[in-house]
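One-letter residues, chain by chain:
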Amino acid sequence: MTNFVDYHFGAGSSAQFGDHHEELTTVLAEAASLASDADREPLYIEANNLIRELVPMIPVAHGGSGVAYLAAVQNAHVSPLGNEAFSKMDPGKDTFVWMQNAEPISLYCADETDGESLRACEQVTEALLAYEVGGTAVEPALATACTPNEDLTVWTCTLREGVTFHDGSALDANDVVMSYVIQWDAAHPLHVGNTGAFSYFSALWGGFLNAPPAE
């Protein structure tokens, strides 16, 4: 839910649908702080009603995912999230040809939002947690587990051992922290990306540290 409603209408969202409305952003922030779908449901109902009243344009759905494969491809699957895992499939030859709507815009993955770029990014990056192949259930990835405190404000993640980068250096907690810092801190020298918008981070985490003045 946060990847759809909060991204468009939360406190850190862009101005594409107009000004922020505090009564709406407050409800969305409360819903995002809860882990149970049952607890969140009445808040998102309230948010949907507020969007209907306050916002002149309403997105109604994510685009669906339709994929076709040659019969020779082994372990072919379709993801409802558009993150098919090429490494899990075998095309039966040395080259796996994939066609999609457009080329990736860039591979600075944290600074892109289009599905064409994100599908390519899925093949070369890993997160602490991931979605199961072909589904939406969350499972461990770079972290073996992430556990919260009682009010869900602090999460402790245990990294998988033996993970290395392509140059052989070992992954550690500092690498994880840095991946967040360069997105959050707008003054960081590595906060450059492709456009520098980092709109997913801003929308889902409420904005940036050292953000430049609004134009």
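Details of the structure are given in the entry above.
The structure presented is a predicted model; accordingly, all values stated were derived computationally and were not measured.

Draft legend 1. Representation of the pattern of salt bridges in the model. Scanning the entire structure with this criterion turns up 3 salt bridges. The partner of Glu84 in a salt bridge is Arg119, and the shortest N-O contact between them spans 2.9 Å. You can see Glu84 sitting in the loop between helix 3 (37–54) and helix 4 (115–124) and its partner Arg119 sitting in helix 4, a full 35 residues away along the chain. On the basis of relative accessible area, Arg119 is assigned to the buried category, the value being 12%. A salt bridge links Glu126 to Arg160, with the nearest nitrogen and oxygen atoms 3.8 Å apart. Of this pair, Glu126 sits in the loop between helix 4 and strand 1 (129–131) while Arg160 sits in the loop between strand 4 (155–159) and helix 5 (173–184), and the two are 34 residues apart along the sequence.

Draft legend 2. Representation of the pairing of strand 3 (residues 143–148) within the structure. Relative to strand 4, strand 3 runs antiparallel, the two being bridged by 5 bridges. Each bridged residue has a counterpart across the sheet, and for Thr147 the counterpart in strand 4 is Thr156. A loop of 6 residues connects strand 3 with strand 4, the two strands running antiparallel in sequence, and Leu152 in this loop sits at a positive phi of about 65°.

Draft legend 3. Highlighting the environment of Asn75. Within the secondary structure, Asn75 sits in the loop between helix 3 and helix 4. A sequence separation of 16 residues divides Asn75 from Pro91, and the C-alpha atoms of the two residues are 9.0 Å apart. Apart from the residues within four sequence positions on either side, Asn75 is in contact with Lys88 and Met89. There is a polar contact of 3.3 Å between the side chain of Asn75 and the backbone oxygen of Lys88.

Draft legend 4. Up close: the side chain of Ser13. As for its placement among the helices and strands, Ser13 is situated in the loop between helix 1 (2–9) and helix 2 (22–32). There is a polar contact of 3.3 Å between the side chain of Ser13 and the backbone oxygen of His8. If near-sequence neighbours (up to four positions away) are discounted, Ser13 is found in contact with Asp6, Tyr7, His8, His20 and Ala203.

The rules behind each value
Residues numbered from 1 in each chain as written. Predicted model: local features only at pLDDT ≥ 70, side-chain atom pairs only at ≥ 80, totals over all residues. Heavy atoms only, no water. Salt bridge = Lys/Arg side-chain N within 4 Å of Asp/Glu carboxyl O. Helix = DSSP H or I, 4+ residues; strand = E, 2+ residues; numbered from the N terminus. Buried < 20%, exposed > 50% of the residue type's maximum accessible area, 1.4 Å probe, protein only. Pairing = 2+ DSSP bridges. Contact = heavy atoms within 4.5 Å. Polar contact = N/O pair within 3.5 Å; in protein donor to acceptor, adjacent residues only side chain to side chain.

These figures come from the coordinates and say nothing about function on their own.
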